[in-house]
Amino acid sequence: MIHSPAAHKNRLLIVLTVILAVGVIVLQPLSRAAEQQNVIHQLRIYEIFDSNKKAFHDRFRDHAIRIMAKYDFKIVATWESRKDNRTEFVYLLEWPDSETMADR
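Described in the following lines is the structure provided in the data block. (Residues numbered from 1 in each chain as written. Predicted model: local features only at pLDDT ≥ 70, side-chain atom pairs only at ≥ 80, totals over all residues. Heavy atoms only, no water.)

The next point concerns the sheet that holds strand 1 (residues 40–48). Within a sheet, neighbouring strands are paired by backbone hydrogen bonds and run either parallel or antiparallel to one another. The antiparallel open sheet is built from three strands, whose spatial order is 1-3-2. The outermost strands of the open sheet, each flanked by one partner alone, are strand 1 and strand 2 (74–83). Neighbour-to-neighbour, the strand axes of this sheet turn through a mean angle of 20°, independent of strand direction. Sheet topology note: the strand 2/strand 3 (residues 86–95) ladder contains nine bridges and is antiparallel. Paired with Thr-78 across the strands is Tyr-91, a residue of strand 3. Against the sheet, helix 2 (residues 53–70) engages strand 1, strand 2 and strand 3, with an angle of about 10° to strand 3. (Pairing = 2+ DSSP bridges. Helix = DSSP H or I, 4+ residues; strand = E, 2+ residues; numbered from the N terminus. Axes fitted to C-alpha atoms, helices over the stretch in contact; angles between N-to-C directions. Contact = heavy atoms within 4.5 Å.)

What follows is the structure in structure tokens.
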């Protein structure tokens, strides 16, 4: 093994580069998580009837989504579920914070 000052300096430079790279990789997701800490998710559930299910979905798709987008509603997901012989339309909204949610 060579113990010259230049070799020592190169090893130190490599170690510091690795430490810096690991720090960036680890801290970047943590900073994003801190930014999203105040995010609020709101679950909305509506009963829909089989006789007008198609009309409901068409109206939600063609009108409600457009209106909600105008007022900065962020729809994360939509789905249909069955509970006790009832059909439910479910959607999940995301708000940046509780104040924004309360304003809408």
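Structurally, Thr-87 is set in strand 3. On the basis of relative accessible area, Thr-87 is assigned to the buried category, the value being 3%. Setting aside anything within four residues of it in sequence, one finds Thr-87 in contact with Tyr-46, Glu-47, Ile-48, Asp-50, Lys-53, Glu-80, Ser-81 and Arg-82. (Buried < 20%, exposed > 50% of the residue type's maximum accessible area, 1.4 Å probe, protein only.)

Here the focus is the pattern of salt bridges. Across all of its chains, the model carries ten salt bridges by this definition. In this structure, the salt-bridge partner of Arg-86 is Glu-47, at a minimum N-O distance of 3.7 Å. Residue Arg-86 is found in strand 3, and its partner Glu-47 is found in strand 1; the two are separated by 39 residues along the sequence. Overall, the relative accessible area of 37% leaves Arg-86 in the partly exposed class. With a relative accessible area of 38%, Glu-47 lands in the partly exposed category. Across the salt bridge formed by Asp-72 and Arg-104, the nearest N and O atoms sit 3.6 Å from each other. Note that Asp-72 is positioned in the loop between helix 2 and strand 2 and Arg-104 in the segment after helix 3 (98–103), a separation of 32 residues in sequence. Classification of Asp-72 as exposed rests on a relative accessible area of 53%. The class of Arg-104 is partly exposed, set by a relative accessible area of 40%. A cluster of three or more residues bridged by salt bridges with shared partners is formed by Asp-50, Lys-53, Glu-80 and Arg-82. (Salt bridge = Lys/Arg side-chain N within 4 Å of Asp/Glu carboxyl O.)

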